[in-house]
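Working through the structure, step by step
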Amino acid sequence: MKHLKRVISFLLAVCMLASVCAFAATPKASIVSPVENSVLADDSLLISVKVLDKKKVQVTVFEEKEYGGLDKDKKVVLKDIDTQDFNADILKAFAAGFEKTYKLVEKPEFKVKNIVANFSLGEENEKQEFNEIVVAEPTAYTATGEVGAFTKKIEKLTPGVYRIKLEVLDKDDKVEETYSHFVALQKKVDEKAAETKVVPVEAAKTSLVQSLIKFIKSLVK
């Protein structure tokens, strides 16, 4: 009986410790929607954020563009990313490459195009470079209670890859925590047109998708 009591006491202590650790690890804010690595057939993003402990946060939205080099006038060329064949796994690879190679840009010609950062994906000989531009300036929100909710809708967006950045700020507006969600938007389906048209056979994979698939494989080697 004493042994059983000791076992129960030990298990209770473990459960309490686990609860404390889980509580300590709970983020002060989180992006509820859109779901991370989701692919949406839409031309807008409805962003929902959960905020705890009366914290202040700010949300910024970026669009990722494929770097196309410079034109004859030495101006930066940005290409839209074809997301027609994108899925959650490709977005995960995109996020992994972003985290690994992300850096702020310093070239003046990039800043003219509102490019704030660049990163690359793939092997060295097949590497593709991407740039990030701001499509929704930072919006701040402060929870007035223990749990707060912030929503923001970004409209008139084109198909592409978007990053939603959530920053938790301290009392001096310095960043304490940062979280990012990648989302792919595809062309919004015209429901009336879809009823009268036969959906075409899936087109061949683009070079970008092929490169991302290779990158996924390289991560699991």
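Structure report, in brief.

Right, let's talk about the overall build of the protein chain for a bit. Each helix and strand in the protein chain was counted, giving 5 helices and 11 strands. Taking all 221 residues of the protein chain together, the buried fraction comes to 35%. For the protein chain, restricting intrachain contacts to residue pairs at least 6 apart in sequence, the fraction spanning at least 24 positions comes to 67%. For the protein chain, the exposed area adds up to about 14,100 Å²; of that, 56% sits on carbon and sulfur atoms.

Turning next to the sheet that holds strand S3 (residues 45-52). Strand order in this open sheet of 3 strands is S1-S3-S9, and the pairing throughout is antiparallel. Strands at the two margins of the open sheet, each flanked by one partner only, are strand S1 (29-33) and strand S9 (147-154). Taken over all neighbouring pairs, the strand axes of this sheet differ in orientation by 25° on average, direction set aside.

Time to look at the environment of Leu70. Its location among the elements puts Leu70 in strand S4 (residues 56-70). Here Leu70 falls in the partly exposed class, since its relative accessible area comes to 41%. Setting aside chain neighbours within four positions, we find Leu70 in contact with Lys75, Val76 and Val77.

Turning to the pattern of salt bridges, a few remarks are in order. Opposite charge on two side chains makes pairing possible when the charged atoms of those side chains draw close. Enumeration according to the criterion identifies 9 salt bridges in this entry. Between Asp173 and Lys56 there is a salt bridge, and its shortest N-O distance comes to 3.1 Å. Taken together, the residues Asp173 in the loop between strand S10 (160-169) and strand S11 (175-186) and Lys56 in strand S4 connect sequence positions 117 residues apart. With its nearest N and O atoms 3.8 Å apart, the salt bridge here joins Lys153 to Glu155.

A few words on the pairing of strand S5 (residues 76-79). Strand direction decides the pairing type here: S4 and S5, joined by 3 bridges, are antiparallel. Its bridge partner being in S5, Leu70 is matched across the sheet by Val76.

Turning our eyes to something else, we now look at the side chain of Ser48. Mapping Ser48 onto the fold places it in strand S3. Once you skip the residues sitting within four places of it in the chain, Ser48 turns out to touch Ser30, Ile31, Val32, Ser33, Phe150 and Thr151.

Moving on, we come to the packing of aromatic side chains. Counting across every chain of the model gives 6 aromatic pairs. With centroids separated by 5.2 Å and ring planes inclined at 70°, the aromatic side chains of Phe98 and Phe182 adopt a geometry described as edge-to-face. Of the two residues, Phe98 sits in helix H2 (residues 88-101) while Phe182 sits in strand S11, which places them 84 residues apart along the sequence. Given the relative accessible area of 3%, Phe98 is considered buried. Accessibility expressed as a relative area gives 3% for Phe182, which makes it buried.

Thresholds applied
- The numbers attached to residues start from 1 for each chain and follow its sequence in the written order.
- Side-chain atom pairs in this predicted model are given and counted only at pLDDT of 80 or more, local residue features only at pLDDT of at least 70, and totals for whole chains, interfaces and linings cover all residues.
- Note that water and hydrogens are dropped before the side-chain values are worked out from all heavy atoms of the structure.
- Every helix listed is a DSSP run of H or I at least four residues long, and every strand listed is a run of E at least two residues long, numbered separately from the N terminus.
- Residue burial is assigned from relative accessible area. The probe radius is 1.4 Å, only protein chains are included, and a residue is buried under 20% of its type maximum, exposed over 50%, and partly exposed in between.
- Contacts: residue pairs with any heavy atoms within 4.5 Å of one another.
- Method for areas: the Shrake-Rupley scheme with a 1.4 Å probe, in which residue coverage is limited to the protein chains shown.
- For two strands to count as paired, DSSP must find a minimum of two bridges between them.
- What counts as an axis is a line fitted to C-alpha atoms, over the stretch in contact for a helix, and the angles between N-to-C directions run from 0 to 180 degrees.
- Salt bridges, as used here, are contacts in which a Lys or Arg side-chain nitrogen is within 4 Å of a carboxyl oxygen on Asp or Glu.
- When two rings of Phe, Tyr or Trp (its six-membered ring) have centres within 6.5 Å they constitute a pair, described as stacked for plane angles under 30 degrees, edge-to-face for angles over 60, and tilted for the intermediate range.

Limitation: the analysis is restricted to geometry and does not speak to function.
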